[in-house]
Amino acid sequence: MSAVNNYYSADTWGIPSQTFLQWYLVAAAVAIGLSLYSRMTARRSPVVVDSVRRPLTPPEIGALTSDYQAVLASMAILRSAELISTEGKTKQALSAEDKSRLDWFTRTVHKRLGNGKVPLRQVRLMGRLNVALAQLRTTLIDEGYLQRPQDGLTAAFRTVPILAVIGLGVVRLVAGIAVGKPVGFLLLTIIVLALMIPLLRIKRRRTALGDSELRRLKHENSYLSPKLRPAYSSYGPSLAGLSAALFGSGALVLIDPALAGAVAAGAAYSPGGGGSSYYSCGSSSGSSGSDGGGGSGSSCGGGGCGG
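Residues numbered from 1 in each chain as written. Predicted model: local features only at pLDDT ≥ 70, side-chain atom pairs only at ≥ 80, totals over all residues. Heavy atoms only, no water.

Visitor: Got a sec to walk through the overall build of the protein? Specific residues and values, please.
Guide: Per the secondary structure count, the protein includes 16 helices and zero strands. Split into buried and exposed, the 307 residues of the protein put 44% on the buried side. When contacts within the protein are restricted to residue pairs at least 6 apart in sequence, those whose partners lie at least 24 apart make up 76%. Accessible surface for the protein amounts to roughly 15000 Å². Of this, 60% is attributable to carbon and sulfur atoms. (Helix = DSSP H or I, 4+ residues; strand = E, 2+ residues; numbered from the N terminus. Buried < 20%, exposed > 50% of the residue type's maximum accessible area, 1.4 Å probe, protein only. Contact = heavy atoms within 4.5 Å. Areas by Shrake-Rupley, 256 points an atom, 1.4 Å probe, with all protein chains shown as cover.)

Visitor: Could you give me a rundown of the packing of helix α4 (residues 67–80) against helix α6 (residues 104–113), with the residues and numbers involved?
Guide: Viewed as axis vectors pointing N to C, α4 and α6 meet at an angle of 80 degrees, and their least axial separation amounts to 9 Å. Taken together, α4 and α6 sit at an angle that is classed as roughly perpendicular. Packed against α4, whose contacting residues are Ala70, Val71, Ser74, Met75, Ile77 and Leu78, the element α6 presents Phe105, Thr106, Val109, His110 and Leu113 at the interface. Taken together, the residues of the contact of α4 with α6 break down into eight nonpolar, three polar and no charged. (Axes fitted to C-alpha atoms, helices over the stretch in contact; angles between N-to-C directions. Parallel < 35°, antiparallel > 145°, perpendicular 65-115°, else oblique. Nonpolar A, V, L, I, M, F, W, Y, C, P; charged D, E, K, R; others polar.)

Visitor: Describe α4, and please don't skip the residues or the numbers.
Guide: Look at α4: 20 Å from first C-alpha to last across 14 residues, which is about the 20 Å you get at 1.5 Å a residue. Within α4, 13 of the 14 residues are buried, which leaves the element mostly enclosed by the surrounding structure. (Expected span 1.5 Å × (residues − 1).)

Visitor: Tell me about unusual backbone geometry, residues and numbers included.
Guide: In this structure, Glu82 is a non-glycine residue whose phi angle is positive, near 60 degrees. We note that Arg229 has phi near 50 degrees; this positive angle belongs to a residue other than glycine. For Arg229, the position within the fold is in the loop between α12 (208–220) and α13 (232–235). Here Arg229 falls in the exposed class, since its relative accessible area comes to 61%.

Visitor: An account of the environment of Val165 is needed here, citing residue identities and associated values.
Guide: Mapped onto the fold, Val165 is located in helix α10 (residues 160–178). A C-alpha to C-alpha distance of 8.4 Å links Val165 and Ile190, two positions 25 residues apart in sequence. Not counting residues up to four positions away in its chain, the partners in contact with Val165 are Tyr24, Ala27, Ala28, Ala31 and Leu193.

Visitor: Quick one: what's the story with the confidence of the model for the protein, residue by residue and with numbers?
Guide: Residues of the protein with pLDDT of at least 70 account for 75%, and the chain-wide mean is 78. Element-level mean pLDDT values for the protein span from 47 in helix α1 (residues 2–9) up to 97 in helix α3 (residues 58–63). The low-confidence segment residues 266–304, where pLDDT is below 50, has 82 contacts with residues more than four positions distant or belonging to other chains. (pLDDT = per-residue confidence, 0-100.)

In structure tokens form, the structure reads like this:
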């Protein structure tokens, strides 16, 4: 009987629960730090930031937020310049002067709209512009504004340190339960680590440079916000496009509500929304900086420690 009592009173792996939990929390903090560092590294601009950069076109500025917002910028330019109708039909072929003042992406949108034999739909239009949108993104990636698309393996690798710590914790948890040790704090720490994995795998569209540039442009052009109801007819097509690029569909609604409704019809996702997909609306994604401390109280008191 005494041998059985000694078995259950012995420390798991010969390491006291409090000591194991303290070192486990240190390992968890290091793993979180490594994962966050990997995430921040992915967001760094792949090119040297020059003091002088070429100005971005309205569709390029829109593409910092989403593919759809890039298209909105071109639609706002074309409608303000009276080059398309309220139904999204091209009114006439572009003149040499039109071609000289329109960026290549807006010219492509004009071409893809065509004569409007079929009703304008967002999904259909976005499909027609797949190649042009990919080219637009590639330019912004090469110039350091957008992140390169990451495959599932790359995103998974970012969480390897945390997964390793979780694996160790699970093994210790099972061993502790087997000998009747309290494991409450260890279980809580494992749960916190597991909850961080989806956050660390969220894909972000922009690099830090892209975020900085978008903030600067919104600040400098705040007068173009649809909330202030700017007179786009006075500002001209280019600034109308810039407003749509920065502030989304609200600008196109002010320019031409019917056209805005037609473009949004059949939407596969919310215009300018914050989806996590790189190729759809992708902006946003929240910060992954959790405290990760999960039960950092070092006191393990009589309750549940680390098995």
